[in-house]
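# Descriptive structure summary
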Amino acid sequence: MSVLLSQDFTFIVQGITGREAVNLTRECLDYGSKVVGGVTPGRKGREVHGVPVFDTVEQVVDSLGYVPDGSVVTVPPAFTKDAVFEAIVRGIKLVVIVTERIPRRDVAEMVELADRNDARIIGPNCLGVIVPEVCKMGGIGGPAKDAAKAYTPGSIGVMSRSGGMTTEISSTLTAAGLGQSTAISIGGDAIIGSTYAELMPLFEADEQTEGIVIYTEPGGRMEAQLSEWVAENEGAKRPVGAEGAARLPIVAFMAGRFMDDEEMKGMSFGHAGTIVEGKEDTATEKIARLQEAGVPVVERIDEIPDAVKDKLGAKV
Amino acid sequence: MRFYEYESRRIVERAGIPVTKYGFCTTADEARKAAEEIGGSVVIKSQVLTGGRMKAGGVKFADTPDEAAEHAAAILELEINGHMPKGVLVDPKAEVAQEYYAGVVWDGTRKRPLMLFSDMGGIDIEEVADRHPDHVGRGHLSNLFDPPDFRAKEVIGHTGVTGSALTRATPILARLARLMRDYDMTLAEINPLARLEDGRFVALDAHMEMENEARPRQKPLLDDLGIEPTDTREPYEPSEFERNVKAIDSADHRGVIQGKDHGFAGNLGLVIGAGGGSLTLTDAVRSQGGKPANYTEIGGNPSVAKACGLAKEVLKKDGVEKIAVMMSIVSNTRVDIVARGVIKACLELGKDPAETIAVFRIPGAWEEEGEKILKRYGVEYCDRSVSMWEAAARAVSKIQEVPA
C-alpha cells in the first residue's frame, strides 16, 4: 500500500492550460496517473494531451458521473483560494497546491475549509506526491523517465519542505537499495496544508511503510510539532502490522544551518517559510528538539541511508 | 515587511483605533512646530526599524518646543544599530493611568490568528507570558469569519479586566484583529495600549509587519503610506551584486534566479539551486572549510542568458577565482542550459571554463546533453552518483589549491 494515492486514484488539474500545467499533465499521464479532467475558465471544450478541459469543477463532475479523488491546483496566486474552495465544495478530498507566493491568510482559509469538509491540502509551494510505479500527482520527479530514475517502490516514507530535495533524498535512498512507499513534497511556506506531524498517522497506518525520512529547514514550528508528536506517542503501537508493531523510526536532515549566523538574522533563504520569527525557529533549536525526541538529524544527504538502516536494524 | 512606528500609527488610526495627536517630522523645525501644535510636554522618538531605541538615546522628553527641536536635531543624527532614522515622531507625554498590551499574531501550528491581551503593558509580552501567565489572555480566531467582538471580550476577560476598561478595550482588540486580517499582517501589536486618566484608551506605540507575498494586493494601503514597491524593507541595503542579479532576473521571464551576498565574504563563488538545494549546498561548503562568496538560487528553467548573467555576476565579485555550479537533482531546470550559461560566462570574461568551474554537479533533466557540452570545454561533469556533500568537498579542495 501507500498513503494518499493508489493505483485507481483519479485527479484533475485546475489551471490545466497553463504552460507548466500542460507539462505536468503530460508527465503524470506518462507515469500512468489517471488525470481525468482539467479546468480553465473559458476554455471548455479543449483538450490537453487528451484530457478534456472544462470551465468549472462542477462540469467535470457532471461529465464524469463521479467526483474525482484529487485536484492539482496550479493557478496564479490571486486566484488560488477560489480554485481550492471550488474543488473542496464540489467534494474533492485531496488538493495539491503547486502555486507559490500565496499570502498565508488565504492558505489558512483554505485549510480551515478543508478541515470542515474532511478534505486534505498538500502545499502550497510544493511539487506534489508520488507513489513509485503507481501514481504521480504533480510535478514531483519531473518527466516520467526522470521520476523512474529517482523513485523506486519500497518501505520508506519521505516528507520534505523542499520539492527538489524530495527527489534528491529519494534518489539517494534508491541508490542504497531503499525504495519509497510514498514521497510527499509538503511545501515551503510558513503555513501549509499538511505538516509532518499531521501526515505521520497516515504513514503509521500504512503496512508498507517501515521508516520515515524528513527534510527540514529553519523557520516555523513544524519540527517542534513533530518532536512533540513523537514524545506524546512514545510507547504507543502502530495501528497496523504484526501485533505490537513498533513506532515508525524517523531520520531527519536539516538544511540551512548557516542561517543561524548572526549576520543572517532577519533574512529568509530558499523558501518563504524559512523566515525565523520565534526562538524555536532556528536550525540549532530544531536539531536539539528532534534529537531529544529520538530523531537523529544527519548533516549530509548521503548519510541518510545508513541512518535509516541503523534505525530499521535497531527495530528488529 | 516591517513598518515604522509612525506608519503603524497611521494604520491603527485607519482601523478606527484611537491614537494621541502626533507628528512625523524629518527636521528639527518641523519637530518644533509639531510640539507647539500638541502643546505641553512631548516625547521625541527616533523612527528606525530596529529595537533598543530607548537604550541608545533615541527617545527623549521635552517640556518646550525649543527643547523638542534640540532633541529632534540630535536624534535625527543618531545611528541606532547601524540604522539611520527616517525621521522622528513627536508625541504628547500622555497622562497614563494604566498600560495594557493588545496583539494579534499567527499561530502556525493551529493555522489560525491568535489574539493576545495583557493588563501588564509596556514590557515585552513574552516576558509577561513567562513570568505572569495569568496576566495574558489568549484566543484563536476562525479564518473564515470576521473576528467577532465577543472573542476579544473573552480574551480580555481572561486577564480579570472588567468594568469600563473591558468594554472600552474590547472594540480595540477586535479592530486590531480585523486590521491584521484585512491588511495581511503577520504581526499587529499595540504596546502600550494606554488607559488615560480620563478613562479613554489610546494606542501609544504600535508594531506592524505585513507579509511580503501580500504586498501586491495591499497596494492601496502602501500607496497611502507613500511606500514605493522598490522599498523592500530588508534589514540591510542591497549590494551591487544583489541589485545586478535582480535586474538580470527581471529582464527575462523564463526561470528565476536570486542572489545574495550580505554576510558572505569568501572566495568561492556559488552558482547553486534551487531552494532546498541551495541551503544544503551552502551548509556543505561551509562545513568542509569552504568560504562562500555569495548565495544563489536557480529555479524554474532559466534561459542561457540568465544563467550566464548570474555566473558572470558571481565571477565579477572581488576575490572570486572559481565558481561551484551545483544543484540537487533537477526535473524542470535543464542541465544543458545551465551548462551553456556558465561556460558562456567564463568565455565572455576571458576565463578558461575548465579552470574556472571548480565543480559542475547538476543531475537530472537533459543531463546527457549537459555532459557533452561540458566535456567539450574540459569541465568534468558530476552526476547523481557524486553526492551534494562530495561535490562541495571537491569545490573546496580545488579552491584551496589556488595559491594565495
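In this report, the structure presented in the accompanying data block is examined. For clarity, every value in this text was computed on a predicted model and none was experimentally measured. Numbering of residues starts from 1 in every chain and runs along the sequence as written. Just so you know, chain letters begin at A and ligand numbers begin at 1, following the order they were written in. At least 70 in pLDDT is required for a residue's local features to be given in this predicted model, at least 80 for side-chain atom pairs to be given and counted, and no such filter applies to totals for whole chains, interfaces and linings, which use all residues. The side-chain figures draw on all heavy atoms in the structure; neither hydrogens nor water molecules are used.

The helix and strand inventory of chain A stands at 10 helices and 14 strands. For chain A, the C-alpha radius of gyration of 19 Å lies close to 20 Å, the compact-globule estimate for 316 residues. Seen through its C-alpha atoms, chain A measures out along the principal axes to roughly 55 × 45 × 35 Å. The burial tally for chain A puts 58% of its 316 residues in the buried class. In this description, contact between two residues means that some pair of their heavy atoms is separated by no more than 4.5 Å. Looking at chain A alone, contacts between residues at least 24 apart form 72% of all its contacts between residues at least 6 apart. The method behind every accessible area is Shrake-Rupley, applied with a 1.4 Å probe, and residues are considered shielded solely by the protein chains displayed. Taken as a whole, chain A presents about 11,600 Å² of accessible surface, with 49% of it coming from carbon and sulfur. By the criteria applied, helices consist of DSSP H or I runs no shorter than four residues and strands consist of E runs no shorter than two, each listed in order from the N terminus. The globule rule used for comparison is 2.2 Å times the number of residues to the exponent 0.38, while the radius of gyration itself is calculated over C-alpha atoms. In this scheme, a residue with accessible area under 20% of its type's maximum is buried, one over 50% is exposed, and one in between is partly exposed, where area comes from a 1.4 Å probe on protein chains only.

The description of an aromatic ring pair rests on the distance of the ring centres and on the angle between the ring planes. All names here are of chain B. Any Phe, Tyr or Trp ring, taking Trp's six-membered ring, that has another such ring centre within 6.5 Å forms a pair; planes under 30 degrees apart are called stacked, those over 60 apart edge-to-face, and the others tilted. What the rule picks out here adds up to 11 aromatic pairs over all chains. Centroid distance Y6 to F24: 3.6 Å. Interplanar angle 10°. Geometry classified as stacked. Placement of Y6 in helix α1 (residues 5-14) and of F24 in strand β1 (residues 23-25) is noted, with a sequence separation of 18 residues between them. For F24, a relative accessible area of 23% translates into the label partly exposed.

A pair can form between side chains of opposite charge whenever their charged atoms are brought close. All names here are of chain B. Think of a salt bridge as a Lys or Arg side-chain nitrogen and an Asp or Glu carboxyl oxygen that are within 4 Å of each other. In this structure the tally under the stated criterion is 47 salt bridges over all chains. A salt bridge links D149 to R178; the shortest N-O distance between them is 2.6 Å. Placement of the pair is D149 in helix α6 (residues 149-157) and R178 in helix α7 (residues 163-182), with a sequence separation of 29 residues. Of the charged contacts in the structure, one is a salt bridge between D252 and R254, with a shortest N-O distance of 3.3 Å. You can call D252 buried: its relative accessible area is 15%. Members of the salt-bridge network, linked through shared partners, are E5, R9, K45, R53, D91 and D205.

Moving on, we come to the nonpolar core. Membership of the largest hydrophobic core comes to 72 residues, with the highest contact counts inside it found for F3(B), F117(B), L176(B) and M208(B). Not counting chain neighbours up to four residues away, the residues in contact with M208(B) comprise M1(B), R2(B), F3(B), S8(B), I11(B), V12(B), L176(B), L179(B), M185(B), L187(B), A188(B) and E189(B). L178(A), V251(A), M264(A) and M267(A) belong to the second largest nonpolar core, which has 53 residues in total. Among the buried residues, those of types Ala, Val, Leu, Ile, Met, Phe, Trp, Tyr and Cys that are joined through side-chain atoms within 4.5 Å form a nonpolar core.

A common way to express how large an interface is: the accessible area buried when the components associate. Counting from both sides, the interface comprises 62 residues of chain A and, opposite them, 51 residues of chain B. Carbon and sulfur atoms make up 53% of the area that chain A and chain B hide from each other, which totals about 4,400 Å². For the pair chain A and chain B, the number of links is 8 salt bridges. When the shortest N-O distance is used, the salt bridge between E112(A) and R112(B) registers 3.4 Å. Polar contacts here mean pairs of N or O atoms no more than 3.5 Å apart (in protein, one a potential hydrogen donor and the other a potential acceptor; neighbouring residues in sequence count only if both atoms are side-chain atoms). Across the contact surface, chain A and chain B share 27 residue pairs in polar contact (both at pLDDT 80 or more). Buried area, as used here, totals the accessible surface that two parts lose on assembly, with accessibility defined by a 1.4 Å probe and the loss added over both.

For residues other than glycine, phi is negative in most cases, and the peptide bonds are mostly trans. Geometrically, the link from N191(B) to P192(B) is a cis peptide bond, its omega value of 5° lying close to zero. If you trace the backbone, P192(B) turns up in strand β8 (residues 185-196). For the bond running from G273(B) to A274(B), omega is -15°, close enough to zero to count as cis. Residue placement: A274(B) occurs in the loop between β12 (268-273) and α10 (275-287). Located in the positive-phi region is H49(A), a residue other than glycine, with phi close to 50°.

Before going further, it helps to spend a moment on the sheet that holds strand β15 (residues 357-361) of chain B. All names here are of chain B. A pair of strands is considered paired only if DSSP assigns at least 2 bridges between the two. One open sheet accounts for 4 strands, arranged β12-β14-β15-β16; its pairing is parallel. Looking at which strands have only one partner, the edges of the open sheet turn out to be β12 and β16 (381-382). One ladder, built from 4 bridges, connects strand β14 (residues 322-327) with β15; its direction is parallel. Looking at β15, one finds that I323 is bridged to I357. Most of the contacts of helix α12 (residues 335-348) go to β15, to which it runs at about 170°, and overall it touches β12, β14, β15 and β16. Axes here mean lines fitted to C-alpha atoms, for a helix over just the part in contact, with angles spanning 0 to 180 degrees between N-to-C directions.

Turning to empty space enclosed by the protein, a few remarks are in order. Cavities and pockets are found on a 1 Å grid laid over the protein atoms alone: a cavity is a set of points where a 1.4 Å probe fits but cannot escape, a pocket is an open set with protein on both sides within 12 Å along at least five of seven lines, and a lining residue has an atom within 4 Å of such a point. Grid points are joined across faces, edges and corners, and a volume is the space filled by probe spheres set on the points. Evaluation of the coordinates by the stated rule reveals 4 cavities of 30 Å³ or more. R105(A), W106(B), P113(B), M180(B) and R181(B) are, among the 15 residues lining the largest cavity, the residues nearest its centre. Residues belonging to the lining of the largest cavity are distributed by class as follows: 8 nonpolar, 2 polar and 5 charged. F253(A), E299(A), R300(A), I301(A), T280(B), D283(B), A284(B), M388(B) and W389(B) together form the lining of the second largest cavity. Elements that contribute at least two residues to the lining of the second largest cavity include exactly α10 and α15 (388-401) of chain B. The element contributing the most residues to the lining of the second largest cavity is α10(B), with 3 residues. We call Asp, Glu, Lys and Arg charged. Ala, Val, Leu, Ile, Met, Phe, Trp, Tyr, Cys and Pro are nonpolar, and the rest, Gly among them, are polar.

Looking at where K45(B) falls in the secondary structure, it is placed in strand β2 (residues 42-46). If near-sequence neighbours (up to four positions away) are discounted, K45(B) is found in contact with E5(B), R9(B), R53(B), G58(B), V59(B), G87(B), V88(B), L89(B), D91(B), L204(B) and D205(B).

Residue and element names in this part refer to chain B. Strand order across the open sheet formed by 4 strands is β1-β4-β2-β3, with antiparallel pairing between neighbours. A strand with exactly one partner marks an edge of an open sheet, and here the two such strands are β1 and β3 (59-62). When the angles between neighbouring strand axes are averaged without regard to direction, this sheet yields 25°. Taken strand by strand, α1 contacts β1, β2 and β4 (88-92), and its axis lies near 55° from that of β4. Strands in contact with helix α2 (residues 28-38) are β1, β2 and β4; relative to β4, the strand with the most contacts, it is inclined by about 15°.

On to the pairing of strand β5 (residues 96-107) of chain B, then. Residues and elements named next belong to chain B. By the bridge criterion, 8 bridges tie β5 to β8 in an arrangement that is antiparallel. Paired with Y100 across the strands is L193, a residue of β8. Where β5 meets strand β6 (residues 112-118), 7 bridges bridge the pair, whose relative direction is antiparallel. Pairing of G103 across the sheet is with L116, part of β6.

Residues and elements named next belong to chain A. Mapped onto the fold, E27 is located in helix α1 (residues 19-31). According to the relative accessible area criterion, E27 is buried, its value standing at 13%. Sequence-distant contacts of E27, that is, excluding residues within four places in its chain, are made with K136, G139, G142, P143 and A144.

Residues and elements named next belong to chain B. For α6, every residue scored as buried is listed here: A152, V155 and I156. Taken end-on, α6 shows its buried residues confined to a sector of 95°, consistent with a single buried face. Buried residues belonging to α6 abut β6, β7 (136-140) and α7. This arc describes the spread of directions from the helix axis toward the C-beta atoms.

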